[in-house]
Amino acid sequence: MKLLTIVGARPQFIKACMLSKAFKKHPQMEEIIIHTGQHYDYNMSDVFFKQLNLPEADYNLGAGSGTHGEQTAKMLAELEKLMSSLKPDLIIVYGDTNSTVAGSLAAAKLHIPIAHIESGLRSFNKKMPEEINRIITDHLSDYLFCPTDTAVINLSNEGIRKGVHQTGDIMYDTVTFFKPHALQHSTILKDLALAEQDYYLATIHRAENTDDPVRLKSIFTAFRQLKKNIVIPLHPRTKNKIKEFNLSSLVSSPNIKLADPLNYFDMIALAANANIILTDSGGLQKEAYMLRTPCITLRDETEWLETVEAGWNHLTGADTNTIVNTVKNIQTPQAYPLLFGEGTADKIANILVKEFKKG
Ligand code: UD1
């Protein structure tokens, strides 16, 4: 069985590595990896392939940056050509990026079955490009692998009930597998002169925050008021916007430690040892929970409602006072329900093997 895995952005490398490992247990599963080139900097892409032992991509489409239309169109055109010549039995897409929607659109029109990993998530905010990408991908997919019960309900509410599987969250597999190595080998705390449980970790990259100067300013104003060091590995988009909106002096404060994008092991080590994580990333909200670090989500809504309901995640939006007060009053909950399942990659691989045996 020929599988075409399509990845392009940082979180997709983190998810795909575990499924690749799971497929290796089934010799009949031949996996071909296509990198769309959406993320291309060494520290946004290559370093993850290396650390996570993800096999090198068989093809790189070099799509690079651009407007949503340009970026998606470039990928779509190249993917259609490749899929037509490779003739896979199934394509696998992850999450909600432009690479995801380009892969599923190309496959659907060539009548190639689609498996969507991290299916059924909704923010109910169509201003987010990710929400549009998810909705389209879910409606085109044949196998929908949901990380949570909420995701299954979301799909059912849109009339999607066939091919839906609640398999848990594949990122939990990755964190569980690599955490011991990361904690043992990462030197990031020492490198940044940080003590365990004595700093905050933040990431900001969502267009709704980075592309709106009012929100970006409001978030950094809050960060300046915090009483501890706050480490911020800057996504290239955020770095560009800080320059564009002339926020460099606001961002330079003795407690704000800006860093380049970090590799997976350093990120896990920092996330595990932080007092609080402040983020607009979907993946980091989950990793915070998986590593038992309280989280503040700098958005007005989240796809990961379970973490909020469990008391580990707090939605603040971008309002300065709300962020500062939430940091002051945050508590680590006693209860820690298992939200994300276990052995997700093996479950997905087994389902696909069985389905394709049926013919
Ligand atoms: C994308 C996804 C988002 C995901 C995120 C993970 C979409 C619509 N968004 O957002 O869902 O959470 O990846 O990081 O697909 N850039 C570089 N070097 C790189 C990559 C990007 O400099 O290696 C810069 C470029 O200036 C680019 C900007 O970052 O224009 C944004 O990159 P893009 O791929 O458009 O989306 P992300 O913001 O990374």
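Here the structure is a predicted model, which is why all the values come from computation and not from measurement. (Residues numbered from 1 in each chain as written. Predicted model: local features only at pLDDT ≥ 70, side-chain atom pairs only at ≥ 80, totals over all residues. Heavy atoms only, no water.)

**Side note on the site of the ligand**
Here comes step 1: Around the ligand sit 21 residues, and of these Q38, H39, D41, N98 and H235 come closest.
Here comes step 2: Contacts to the ligand include Q38, whose side-chain N or O atom sits 2.8 Å from an oxygen atom.
Here comes step 3: Interatomic distance of 3.0 Å between a side-chain N/O atom of H205 and an oxygen atom of the ligand.
Here comes step 4: If the ligand stood free it would expose 740 Å²; the protein chains cover 89% of that surface.
Here comes step 5: Put simply, the parts of the chain that give the shell around the ligand at least two residues each are α1 (10-23), α3 (68-86), α5 (129-140) and α11 (236-244).
Here comes step 6: By residue number, the principal contributor to the shell around the ligand is α11, which donates three residues.
Here comes step 7: Across the shell around the ligand, the residue classes tally to five nonpolar, 11 polar and five charged.
Here comes step 8: Two domains each put at least three residues into the shell around the ligand: domain 1 (2-168 + 343-358) and domain 2 (176-329). (Near = heavy atom within 4 Å. Polar contact = N/O pair within 3.5 Å; in protein donor to acceptor, adjacent residues only side chain to side chain. Areas by Shrake-Rupley, 256 points an atom, 1.4 Å probe, with all protein chains shown as cover. Helix = DSSP H or I, 4+ residues; strand = E, 2+ residues; numbered from the N terminus. Nonpolar A, V, L, I, M, F, W, Y, C, P; charged D, E, K, R; others polar. Domains from an automatic or database assignment.)

**A few points about helix α4 (residues 98-109)**
Along an α-helix, residues three or four apart share an orientation, since each turn contains 3.6 residues.
Here comes step 1: Here α4 spans 17 Å end to end across 12 residues, near enough to the 16 Å set by a 1.5 Å rise per residue.
Here comes step 2: Along α4, nine of the 12 residues are buried, which leaves the element largely enclosed by surrounding structure.
Here comes step 3: Within the sequence span of α4, burial applies to N98, S99, T100, V101, A102, G103, S104, A106 and A107.
Here comes step 4: Those residues of α4 that are buried are in contact with β1 (2-7), α1, α3, β4 (90-94), β5 (114-117) and α5. (Expected span 1.5 Å × (residues − 1). Buried < 20%, exposed > 50% of the residue type's maximum accessible area, 1.4 Å probe, protein only. Contact = heavy atoms within 4.5 Å.)

**Regarding α11**
Here comes step 1: For α11, the complete set of buried residues consists of T238, K241 and I242. Projection of α11 onto a plane perpendicular to its axis shows the buried side chains occupying an angular sector of 105°, all on one side. For α11, exposure combined with an orientation more than 90 degrees from the buried face picks out K243 and E244.
Here comes step 2: If you follow the buried residues of α11, they end up packed against α9 (207-210), α10 (213-225) and α12 (248-251). (Arc of directions from axis to C-beta.)

**Quick notes on the environment of E342**
Here comes step 1: For E342, the location among the structural elements is in the loop between α16 (320-329) and α17 (344-358).
Here comes step 2: You can call E342 exposed: its relative accessible area is 52%.
Here comes step 3: Along the chain, E342 and Q38 lie 304 residues apart, while their C-alpha atoms are 29 Å from each other.
Here comes step 4: Once you skip the residues sitting within four places of it in the chain, E342 turns out to touch Y172, D173 and K347.

**Overview of the pattern of salt bridges**
Here comes step 1: The final tally for this structure, using the stated rule, is 18 salt bridges.
Here comes step 2: Here K15 ties to E118 by a salt bridge, and the two come within 3.2 Å at their closest N and O atoms. With K15 in helix α1 and E118 in the loop between β5 and α5, the pair connects residues that are 103 residues apart, well separated along the chain.
Here comes step 3: A residue is classified by how much of its surface remains accessible, and E118, at 11% relative accessible area, is buried.
Here comes step 4: Each of D96, E131, R134, E208, R299, E301 and E303 takes part in one network of salt bridges that share partners. (Salt bridge = Lys/Arg side-chain N within 4 Å of Asp/Glu carboxyl O.)

**Looking at the pairing of strand β2 (residues 30-35)**
Here comes step 1: Counting buried positions over the six residues of β2 gives five, a clear majority of the element.
Here comes step 2: In the sheet, β1 pairs with β2 via six bridges, with the strands oriented parallel. By the bridge assignment, K2 is partnered in β2 with E30.
Here comes step 3: Regarding the hand of the β-α-β motif, the stretch spanning β2, helix α2 (residues 46-51) and strand β3 (residues 59-60) is right-handed. (Pairing = 2+ DSSP bridges. Right-handed = clockwise from strand over helix to strand, strands pointing away.)

**Some remarks on the domain arrangement of the chain**
Here comes step 1: For the chain, the assigned domains read domain 1 (2-168 + 343-358) and domain 2 (176-329).
Here comes step 2: For domain 1 and domain 2, the distance between their C-alpha centroids amounts to 26 Å.
Here comes step 3: Across the boundary between the two partners, domain 1 contributes 25 residues, which contact 21 residues of domain 2.
Here comes step 4: Taken together, the two surfaces of domain 1 and domain 2 that pack against each other cover about 1900 Å², and 61% of this comes from carbon and sulfur.
Here comes step 5: On the domain 1 side of the contact with domain 2, N43, Q51 and M128 bury the most area, a combined 23% of that side's loss.
Here comes step 6: Along the contact surface separating domain 1 from domain 2 lie three salt bridges.
Here comes step 7: Across the pair E303 and R134 runs a salt bridge whose closest N-O atoms are separated by 3.1 Å.
Here comes step 8: Run the count over domain 1 and domain 2 and you get nine residue pairs in polar contact (both at pLDDT 80 or more).
Here comes step 9: Of all elements in the fold, only α1, α2, α5 and α6 (149-157) reach the threshold of two or more residues within the side of domain 1 that touches domain 2. (Buried area = accessible area lost by both parts, 1.4 Å probe.)

**Overview of the sheet that holds β4**
Here comes step 1: Here seven strands make up an open sheet; going across it, the order is β3-β2-β1-β4-β5-β6-β7 and the pairing parallel. Looking at the sheet topology across the chains shown, the edges are occupied by β3 and β7 (164-166).
Here comes step 2: Strands in contact with α17 are β4, β5, β6 (143-146) and β7; relative to β6, the strand with the most contacts, it is inclined by about 160°. (Axes fitted to C-alpha atoms, helices over the stretch in contact; angles between N-to-C directions.)

**Re the packing of α10 against α16**
Here comes step 1: Where α10 meets α16, the closest approach of the two axes is 8 Å, and the angle between their N-to-C directions is 35°. The handedness of the crossing between α10 and α16 comes out as right-handed. Counted together, S218, I219, T221, A222 and Q225 of α10 and T320, I323 and V324 of α16 form the full contact between these two elements.
Here comes step 2: Tallied by class, residues from the contact of α10 with α16 come to four nonpolar, four polar and no charged. (Left-handed = near helix turned anticlockwise from the far one by under 90°.)

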